[in-house]
Amino acid sequence: MNITINQVLQSYIDPLTANEYAALERSLLAEGCRDALVLWNDVLIDGHNRYAICRQHGIEFKTIQNTSFTSLDDVMLWMIDNHLARRSVSDFQRGVLALRKKEIVAARSPAPVSAQDAPEGENAPKAPMSTREEVAKAARLSSNQISQIEKIQKAASPELVEAVRSGTISINAAATVASLPPEEQVAAVAGGKKLLRQAAKEIREQRAATRTPREPKVHVSQDTPETGNEPWADNAAQAPSETERLRGEIASLKQKVAQLQAENVELSQRIAALIDAS
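K.L.:
Lay out the side chain of Asp 74 in plain terms, naming residues and giving numbers.
P.N.:
With respect to the helices, strands and loops of the structure, Asp 74 is situated in helix α4 (residues 72-84). For Asp 74, a relative accessible area of 16% puts it in the buried group.

K.L.:
Could you give an account of helix α5 (residues 91-108), with specific residues and numbers?
P.N.:
Taking 1.5 Å as the rise per residue, α5 with 18 residues should run 26 Å; its terminal C-alpha atoms sit 26 Å apart, in good agreement. Looking at α5, one finds that the buried residues are Phe 92, Gln 93, Arg 94, Gly 95, Val 96, Leu 97, Ala 98, Leu 99, Lys 101, Ile 104 and Val 105. Turning to α5, the residues buried within the fold contact α1 (7-11), α4, α6 (132-139), α7 (143-155), α8 (158-165) and α9 (171-177).

K.L.:
Account for the packing of aromatic side chains, with residues named and values stated.
P.N.:
The geometry of an aromatic ring pair is captured by two quantities: the separation of the ring centres and the angle between the planes. This model, assessed by the stated rule, comprises two aromatic pairs. Look at Tyr 51 and Phe 61: their rings are 5.7 Å apart centre to centre, the planes differ by 85 degrees, and that puts the pair in the edge-to-face class. Linking Tyr 51 in helix α3 (residues 48-57) with Phe 61 in the loop between α3 and β3 (63-65), this pair joins segments that are ten residues apart in sequence. Note on Phe 61: relative accessible area 29%, which makes it partly exposed.

K.L.:
Explain the environment of Cys 54 to me, using residue names and the numbers behind them.
P.N.:
Mapping Cys 54 onto the fold places it in helix α3. Exposure remark for Cys 54: the relative accessible area of 2% places this residue in the buried category. Residues Cys 54 and Cys 33 lie 21 residues apart in sequence; the distance between their C-alpha atoms is 7.6 Å. The contact partners of Cys 54, leaving out residues within four places of it in the chain, are Leu 28, Cys 33, Ile 59 and Phe 61.

K.L.:
Would you mind going over the pattern of salt bridges in detail, with residue names and values included?
P.N.:
Scanning the entire structure with this criterion turns up eight salt bridges. Across the salt bridge formed by Arg 50 and Asp 46, the nearest N and O atoms sit 3.8 Å from each other. Just as Arg 50 is buried, Asp 46 falls in that class too. Residue Arg 108 is joined to Asp 74 by a salt bridge in which the shortest nitrogen-to-oxygen separation is 3.0 Å. In this pair, Arg 108 is assigned in helix α5 and Asp 74 in helix α4, connecting sequence segments 34 residues apart. A relative accessible area of 43% places Arg 108 in the partly exposed class. A cluster of three or more residues bridged by salt bridges with shared partners is formed by Asp 46, Arg 50 and Arg 86.

K.L.:
I'd love a proper account of unusual backbone geometry, names of residues and values included.
P.N.:
Although it is not a glycine, Asn 41 adopts a positive phi angle of roughly 60 degrees. Structurally, Asn 41 is set in the loop between β1 (37-40) and β2 (43-46). At Arg 140, a position not held by glycine, the phi torsion is positive, near 60 degrees. When you line up the elements, Arg 140 lands in the loop between α6 and α7.

K.L.:
I'd love a proper account of the pairing of β2, names of residues and values included.
P.N.:
Direction of pairing for β1 relative to β2: antiparallel, over a ladder of three bridges. Directly across from Trp 40, in β2, lies its bridge partner Val 43. The antiparallel hairpin formed by β1 and β2 contains two residues in its connecting segment, where Asn 41 sits at a positive phi of about 60 degrees.

K.L.:
Give a description of the environment of Leu 24 that names residues and reports values.
P.N.:
Checked against the element boundaries, Leu 24 lands in helix α2 (residues 18-31). In the structure, Leu 24 is positioned 25 residues away from Asn 49 in sequence and 8.4 Å away in space, judged by C-alpha atoms. Non-local contacts of Leu 24, meaning those with residues more than four positions away in its chain, are made with Leu 16, Asn 49, Arg 50 and Ile 53.

K.L.:
Summarise the side chain of Asp 46; cite the residues concerned and give the values.
P.N.:
Counting through the fold element by element, Asp 46 comes out in strand β2. A distance of 3.5 Å separates the side chain of Asp 46 from the side chain of Arg 86, its partner in a polar contact.

K.L.:
Could you give an account of the nonpolar core, naming the residues involved and the relevant values?
P.N.:
Among the nonpolar cores identified, the biggest contains 32 residues, and Ile 152, Leu 160, Ile 169 and Val 177 are the most heavily contacted of them. At the level of elements, α5, α6, α7, α8, α9, α11 (193-210) and α12 (233-277) are the ones that each hand at least two residues to this core. Each residue touching Ile 169, except ones within four places of it in the same chain, is listed here: Leu 160, Ala 163, Val 164, Ala 174, Val 177 and Leu 196. Grouped together as the second largest cluster of nonpolar side chains are 17 residues, Tyr 12, Trp 40, Met 79 and Ile 80 included.

Thresholds applied
- Residues numbered from 1 in each chain as written.
- Predicted model: local features only at pLDDT ≥ 70, side-chain atom pairs only at ≥ 80, totals over all residues.
- Heavy atoms only, no water.
- Helix = DSSP H or I, 4+ residues; strand = E, 2+ residues; numbered from the N terminus.
- Buried < 20%, exposed > 50% of the residue type's maximum accessible area, 1.4 Å probe, protein only.
- Expected span 1.5 Å × (residues − 1).
- Contact = heavy atoms within 4.5 Å.
- Phe/Tyr/Trp six-rings, centres within 6.5 Å; stacked < 30°, edge-to-face > 60°.
- Salt bridge = Lys/Arg side-chain N within 4 Å of Asp/Glu carboxyl O.
- Pairing = 2+ DSSP bridges.
- Polar contact = N/O pair within 3.5 Å; in protein donor to acceptor, adjacent residues only side chain to side chain.
- Core = buried A, V, L, I, M, F, W, Y, C linked by side-chain atoms within 4.5 Å.

This is the structure we're talking about:
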């Protein structure tokens, strides 16, 4: 029997850890392959790890056909939904799968109807999974986590993506480290979990130091006529000096920003030094 492995479909599967793979291998060697592999025509859509182990050890297996699909997109959505329902799938992989589902659903959906073209008295229909909140709900994650995964997909180096996929670094920390230049991301990953956390911590500290404070608002009541003796009058009179003080702080912060930018240049050197010391 000719079984085809589709690399795109296989990428939807969260890789087993070494211990999980070894446990599955022991089970198949001891009990055989009890569950049939699922095919769509000659394409394997469920049972990739079992298929690899059975071929390696010459273990017999059965197959069944799922004939309910009409296109590869149908297969992708079926596989994505199957994996989203599994507890063993990592948070990062669930987010990746949900975002992929959003892309497939968007490509299959008809062009959105504008509010002007919608029937009178009716709102324009909203495309499914068109918001980050809907994607987050499908992945059982927060909207912020989905935003971080999107950032990782756009800016992270392959080495950093693999680190978050394997659980070496958290989604939050990986999204932070992804703001570094690619070569510094690679260096941080090479330094291991401790260095990745240190790099993420330093980036957050730099961002916190560059935030400017908000100017306080002076409340002026409009309910009664002004007499000049209102309780807020003294505070209002002091407002210009307070504003000037804040302007001075902002100027000082701008100098700190310049200093931090210079320190950021040294960050790659510090990462390299930490790698050498580890």
